[in-house]
Amino acid sequence: GKMPLNNAAITSRYFRTDGLLGNGEVSFVPGSGTAGLIVVNTVIAGSGGLNSESIESVRVKAPLFFQAQGRAVTARDLVSIITQGNLGIIANAWGGEDNDPPQYGRVYFTAYHDPASGSGPISDSAKEELVQFCKEKSVVSITPVFVEPTITNVLLSGDVFYDAYLTTSSATDLLNKLQTYITENQLMNFNSSFSYSKFAVGILDLDSGFVGDDIQVRISKIFEASTDEPLTSISASVQNELADSGGVSGTVVKAEDVLVLDEDEEQVMVYIVDNGSGVLNAYRTDNNSLFKRDCGSVYYPTGRIQIDGLKIIRNFEILLRPKTNNVIAKANNLLNVVNDGITLIT
């Protein structure tokens, strides 16, 4: 707090960490001059280490931190103080009125390890600490509720066209460039949506040989189940409007190789499709006969899926066709872009 004299030389000394290099460390070796010290190996590996924050990141976050002033009045304030007080964490928050169905008087938030420091869910103890932290910072009449983040896969399939006369790259080189482009442009951040138009322009910028594409986008949700913990009821939403079925069965929603138990507790492989009018039916994989009618529903305007009446005993995947090739990330959704079969065409 003391104002220095004009032209005074100011020297500061500080420790600088190795950022990401400390993550995963559990054992330590004493250095020189540490004779007699006891070295302790940690039970939990080091985590949360980050490299220096970029100037652009500071430019974006600093005004939000200042605006919040350490208190969470709005959902945006809550995100600011969570990320400010927990380095290496990305977060999102939204009011209960935006929930489906609405839950007034509550604010919902979610958090996930920053992909820059090794993405993954946060620990149970960290969740409890965050809930308590948000209670202390939020308005008294609002109850903060933690929601588990969910990963939604954006599957890309179809054709990418190239002109061999416009490039010196081989077909293998072009395919590798395309795969690297997909890998390096992973979203995995809250409110980071997939823009097909931007993605398509990016393909053309990869190499002069690329001339266009015919890529289709599907949304994938994976659910976990086992014989010890079977799934009998599923309710999930991809929070994106789905395509118009045109009344045709199986054009919007499909889940293949779903292992279930029948009334006699015998294992049966089925596939689940929509009937074109919002009703889900299950059919036997071996002979396509109806296994269970009306085993769930899909609400096309919001992408909400409900499955009931089946005893599912193995992990399975549901594929949904969005209305457009753009996929929006909302609330606790994280988008993961996946190459699901892109073919080069000359």
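Here is what the cut-offs are and how they apply
Residues numbered from 1 in each chain as written. Predicted model: local features only at pLDDT ≥ 70, side-chain atom pairs only at ≥ 80, totals over all residues. Heavy atoms only, no water. Helix = DSSP H or I, 4+ residues; strand = E, 2+ residues; numbered from the N terminus. Buried < 20%, exposed > 50% of the residue type's maximum accessible area, 1.4 Å probe, protein only. Contact = heavy atoms within 4.5 Å. Areas by Shrake-Rupley, 256 points an atom, 1.4 Å probe, with all protein chains shown as cover. Lys, Arg positive; Asp, Glu negative; His and termini not counted. Charge placed at Lys NZ, Arg CZ, Asp CG, Glu CD. Pairing = 2+ DSSP bridges. Axes fitted to C-alpha atoms, helices over the stretch in contact; angles between N-to-C directions. Phe/Tyr/Trp six-rings, centres within 6.5 Å; stacked < 30°, edge-to-face > 60°. Lys NZ or Arg CZ within 6 Å of the ring centre and 35° of its normal. Salt bridge = Lys/Arg side-chain N within 4 Å of Asp/Glu carboxyl O. Arc of directions from axis to C-beta.

Asker: Would you mind going over the overall build of the chain with me for this structure?
Answerer: Of regular secondary structure, the chain possesses 5 helices and 13 strands. Once the C-alpha set of the chain is aligned to its principal axes, its extents read approximately 85 × 60 × 45 Å. Evaluated residue by residue, the chain yields a buried proportion of 35% over its 346 residues. For the chain, restricting intrachain contacts to residue pairs at least 6 apart in sequence, the fraction spanning at least 24 positions comes to 64%. Split by element, the accessible area of the chain, about 20,600 Å² in all, is 51% carbon and sulfur. With 25 positive and 40 negative side-chain charges, the chain shows a separation of 9 Å between the mean positions of the two kinds.

Asker: So what exactly am I meant to see when it comes to the sheet that holds strand β2 (residues 106-113) here?
Answerer: Sheet strands associate in pairs through backbone hydrogen bonding, adopting either a parallel or an antiparallel arrangement. Ordered in space as β1-β2-β3, the 3 strands form an open sheet in which the pairing is mixed. A strand with exactly one partner marks an edge of an open sheet, and here the two such strands are β1 (89-95) and β3 (143-146). Adjacent strand axes in the sheet meet at a mean angle of 25 degrees, parallel and antiparallel pairs treated alike. Strands in contact with helix α2 (residues 75-85) are β1 and β2; relative to β1, the strand with the most contacts, it is inclined by about 160 degrees.

Asker: Hey, could you run me through the packing of aromatic side chains in this one?
Answerer: Within this structure, the stated rule accounts for 6 aromatic pairs. Ring centres of phenylalanine 109 and phenylalanine 146 lie 5.5 Å apart, and the angle between their planes is 75 degrees; on these two criteria the pair is classed as edge-to-face. Remark: phenylalanine 146 occurs in strand β3 and phenylalanine 109 occurs in strand β2; sequence separation between them is 37 residues. A cation over an aromatic ring shows up here: lysine 254 above the ring of tyrosine 271, its NZ or CZ 5.7 Å from the ring centre.

Asker: What exactly am I supposed to notice about the pattern of salt bridges here?
Answerer: Opposite charge on two side chains permits pairing when their charged atoms draw close. If you walk through the whole model with that rule in mind, you get 8 salt bridges. Where lysine 127 meets glutamate 148, a salt bridge forms, and the shortest distance between an N and an O atom there is 2.4 Å. Remark: glutamate 148 occurs in the loop between β3 and β4 (150-162) and lysine 127 occurs in helix α3 (residues 124-137); sequence separation between them is 21 residues. We classify lysine 127 as buried; its relative accessible area is 13%. As a salt-bridge pair, lysine 177 and aspartate 207 come within 2.6 Å of each other at their nearest N and O atoms. Residue lysine 177 is found in helix α4 (residues 171-184), and its partner aspartate 207 is found in the loop between α5 (196-206) and β5 (210-223); the two are separated by 30 residues along the sequence.

Asker: What should I look at first to understand unusual backbone geometry in this one?
Answerer: A negative phi angle is the norm for most residues apart from glycine, just as the trans form is the norm for most peptide bonds. You will see that aspartate 257, though not glycine, has its phi angle at about 55 degrees, which is positive. Within the secondary structure, aspartate 257 is located in strand β7 (residues 253-261).

Asker: When you look at α5 in this model, what are you seeing that I'm missing?
Answerer: Every α-helix carries 3.6 residues per turn, so stepping three or four residues along brings you back to the same face. Among the residues making up α5, those that are buried are Phe199, Ala200, Gly202 and Ile203. The arc that holds every buried residue of α5, seen down its axis, measures 155 degrees, which confines them to one face. Along α5, exposed side chains directed more than 90 degrees from the buried face belong to Lys198 and Asp205.

Asker: Whenever I open this one, the pairing of strand β9 (residues 279-284) confuses me. Can you help?
Answerer: Regular strands have side chains that alternate between both faces of the sheet. Here strand β8 (residues 267-274) runs beside β9; their pairing, made up of 5 bridges, is antiparallel. Residue pairing across strands places valine 273 opposite asparagine 281, the latter belonging to β9. Count of turn residues in the β8/β9 antiparallel hairpin: 4 residues, of which glycine 276 carries a positive phi of about 90 degrees. Strand direction decides the pairing type here: β9 and strand β10 (residues 290-299), joined by 4 bridges, are antiparallel. Within β10, the residue paired with tyrosine 283 across the bridge is leucine 290. Hairpin geometry of β9 and β10 is characterised by an intervening segment of 5 residues between the two adjacent antiparallel strands and by a positive phi of about 65 degrees at asparagine 288.

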